[in-house]
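Listed below, chain by chain, are the residues.
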Amino acid sequence: MTELPPFYDDLAGCLAEAWRRLEEGAAHQSGFHTPALATLGRGGAPRLRTVVLRGVDRAARALRIHCDARSAKAAEIAAEPRAALHAYDAGAKIQVRIEGTARLHGGDEVARAAWAASRPMSRLCYGTAPAPGTPLPEGGAFVLPEDEAALEAGFSAFRVVILTAARLEFLYLARQGHRRALFTWDEEGQGAAWLAP
Ligand SMILES: Cc1cc2nc3c(=O)[nH]c(=O)nc-3n(C[C@H](O)[C@H](O)[C@H](O)COP(=O)(O)O)c2cc1C
């Protein structure tokens, strides 16, 4: 049997492992690098898409994602800030589910710092014409910024999403018995509990 990890029967250890994996995912390619972000669409229907996890602030329980102001997800967050994020690393056999409140940042210090740290390749995504989600007559009927000025103009459409966790669920799959833990944060403080997997 495979050796059990140190966090196996340790609630605080499970939470630390969840944040460690998220931090690692923001820095490198891993199952946690490209989580799925869920928002609520008009009429309350769930909307789900893959995103790149750009940054994690464990102390603030905050996750950073980038998107275009003209995208559906940005409009959905602006209308309804409740959002969720899901990540699974098959190698680590760990799933993390986060629910919380998302906030959009555009043209402020948060957006400027994230833009400054972005590679030109990544900045390309925010200067597309027409806007993301626009119906096209052909698959290739859109343009990407071609020069430095057009690339920089993309900043006006650049948005940072900061998702602050109010609830984090950790699931570790093990032949000896799965471990599922729930962590919550509210006005009354922090909660931590094991759940039946
Ligand atoms: C690996 C991968 C990473 C992606 N990363 C992002 C991202 O960081 N931000 C983003 O807005 N869209 C990203 N996308 C595209 C979204 O999944 C989605 O197709 C697009 O943003 C439109 O979503 P929306 O209409 O819900 O706004 C990514 C897609 C893939 C496959």
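Residues numbered from 1 in each chain as written. Predicted model: local features only at pLDDT ≥ 70, side-chain atom pairs only at ≥ 80, totals over all residues. Heavy atoms only, no water.

As recorded in an unreviewed UniProt entry, the protein chain goes by the name Pyridoxamine 5'-phosphate oxidase, listed as coming from Methylobacterium currus. The Cofactor (unreviewed entry) field of the UniProt record for the protein chain holds the comment "FMN". (UniProt positions renumbered as here; feature names shortened; annotations may be inferred.)

## Remarks on the site of the ligand
The immediate surroundings of the ligand are formed by T34, R49, T50, V51, V52, H66, C67, S71, A72 and K73. In the model, an oxygen atom of the ligand is placed 2.7 Å from a nitrogen or oxygen of the R49 side chain. One nitrogen or oxygen atom from the main chain of T50 is found 2.7 Å from an oxygen atom belonging to the ligand. In isolation the ligand exposes 620 Å². Once the protein is present, 57% of that is buried. Elements with a contribution of two residues or more to the shell around the ligand: β2 (46-50), β4 (62-68) and α2 (72-79). Among the residues making up the shell around the ligand, the classes are represented as 4 nonpolar, 4 polar and 2 charged. (Near = heavy atom within 4 Å. Polar contact = N/O pair within 3.5 Å; in protein donor to acceptor, adjacent residues only side chain to side chain. Areas by Shrake-Rupley, 256 points an atom, 1.4 Å probe, with all protein chains shown as cover. Helix = DSSP H or I, 4+ residues; strand = E, 2+ residues; numbered from the N terminus. Nonpolar A, V, L, I, M, F, W, Y, C, P; charged D, E, K, R; others polar.)

## Some words on the UniProt feature "domain: Pyridoxamine 5'-phosphate oxidase Alr4036 family FMN-binding" (unreviewed entry) in the protein chain
UniProt feature "domain: Pyridoxamine 5'-phosphate oxidase Alr4036 family FMN-binding" (unreviewed entry): in the numbering of this structure it lies at residues 19-105. In residues 19-105, helix accounts for 20% and strand for 46%; the two terminal C-alpha atoms are 23 Å from one another.

## Notes on the pairing of strand β5 (residues 82-89)
Every second residue of β5 is oriented toward a common face, the buried set being A83, L85, A87 and D89 and the non-buried set R82, A84, H86 and Y88. Bridge analysis of strand β1 (residues 36-40) against β5 gives 3 bridges, and the strand direction is antiparallel. The partner of L37 across the bridge, within β5, is L85. Between β5 and strand β6 (residues 94-105), which pair antiparallel one after the other, the connecting turn spans 4 residues, and K93 there sits at a positive phi close to 60 degrees. (Buried < 20%, exposed > 50% of the residue type's maximum accessible area, 1.4 Å probe, protein only. Pairing = 2+ DSSP bridges.)

## A few points about helix α3 (residues 109-116)
The complete set of buried residues in α3 reads A111, A114 and W115. Mapping the buried residues of α3 onto a view down its axis gives an arc of 100 degrees, with all of them on the same face. Opposite its buried face, α3 presents the exposed residues E109 and A116, each directed more than 90 degrees away. Of the surrounding secondary structure, the elements contacted by the buried residues of α3 are β4, β6, α4 (120-123), α5 (148-153) and β7 (158-172). Looking at where α3 begins, the residue whose side-chain oxygen comes 3.3 Å from the main-chain nitrogen of V110 is D108. (Arc of directions from axis to C-beta. Contact = heavy atoms within 4.5 Å.)

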